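Reading the structure
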Amino acid sequence: MSDELVFYTHPMSRGRIVRWMLEEIGQPYRTKLLEFGTTMKAPAYLAINPMGKVPAIRHGDTVVTEAAAICAYLADIFPQAGLAPAPGSRERGPYYRWLFFGAGPIESAVSNKALGFQVPPERTGTVGYGSLDSVLNTLEGALSKSDYLTGDRFTAADLYVGAQIGWGMQFGSIDKRPVFERYAARINSRPAAIRAREIDDALLKKK
């Protein structure tokens, strides 16, 4: 069975998160660029992801979609990169917490803001994230106590959540709070983050 790692993406998508993760793990991978509305909706790719969206990876016969899931999978499959606490350790608790916080409350709250949707104050109990302020205050509180979300070292949870913070501040869907700016600057200065940006930015220039 082939262990080839294939990355399906577009340089202006959440695929940028996975690109960063792939650069962090330091394993060879092949990039397959797709276009919105055409090759993403073609039968060949729908067999990989029936949603017709990127990112996705194929690792041998294993297919993983959803950026947070891909980050978690790669961190576990390539433990030598040191991007996840050891299985069975109690540090897995906060690690899972913040990965799922990023994929759930942050993603939902920020997306709704970008779409101009606000949950009525009397209905905050009906949505998992409550309110955007509650989400951002919770995140700010965590990052005020430590440089990283899971103890004193960078993990895939920081990569996933940090990418969302950086993207949100860039496009105005997340407040430019000092804690967020310091955190984003810290993790975005990592060599793998720089390489990933350079690769995707170069791809955008070719379009």
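Read on for a plain summary of the structure. (Residues numbered from 1 in each chain as written. Predicted model: local features only at pLDDT ≥ 70, side-chain atom pairs only at ≥ 80, totals over all residues. Heavy atoms only, no water.)

Attention now goes to the overall build of the protein. Looking only at helices and strands, the protein has eight helices and four strands in total. In the protein, the succession of helices and strands from N to C terminus is β-α-β-α-β-β-α-α-α-α-α-α. Relative to its length of 207 residues, the protein is compact, with a C-alpha radius of gyration of 17 Å against a globular reference of 17 Å. Its C-alpha atoms give the protein principal-axis dimensions of about 50 × 40 × 30 Å. By the burial criterion, 45% of the 207 residues in the protein qualify as buried. (Helix = DSSP H or I, 4+ residues; strand = E, 2+ residues; numbered from the N terminus. Rg over C-alpha atoms; globule rule 2.2 N^0.38 Å. Buried < 20%, exposed > 50% of the residue type's maximum accessible area, 1.4 Å probe, protein only.)

Now for a nonpolar patch on the surface. Residues Met12, Trp167 and Phe171 make up a contiguous nonpolar surface patch of about 310 Å² in total accessible area. Residue placement: Phe171 occurs in helix 6 (residues 156-171). (Patch = residues over 30% accessible without salt bridge, like charges linked within 9 Å, V, L, I, M, F, W, Y side chains within 5 Å. Areas by Shrake-Rupley, 256 points an atom, 1.4 Å probe, with all protein chains shown as cover. Salt bridge = Lys/Arg side-chain N within 4 Å of Asp/Glu carboxyl O.)

Right, let's get into helix 4 (residues 92-114). An α-helical turn contains 3.6 residues, so any two residues separated by three or four positions project in the same direction. Compared with the 33 Å implied by 1.5 Å per residue over 23 residues, the 31 Å span of helix 4 between its first and last C-alpha is a close match. Remark: the principal bend of helix 4, roughly 40°, maps to Phe101, with a proline, Pro105, within the next four residues. What helix 4 keeps buried is the set Arg92, Tyr95, Trp98, Leu99, Phe101, Gly102, Pro105, Ile106, Ala109 and Val110. Each element contacted by the buried residues of helix 4 is listed here: helix 3 (67-77), helix 5 (132-145) and helix 6. Once helix 4 ends, the next one or two residues include Gly116, with phi positive near 80°. (Expected span 1.5 Å × (residues − 1). Bend = angle between axes of the 7 residues up to and from the residue. Contact = heavy atoms within 4.5 Å.)

So yeah, pure geometry; function would need other evidence.
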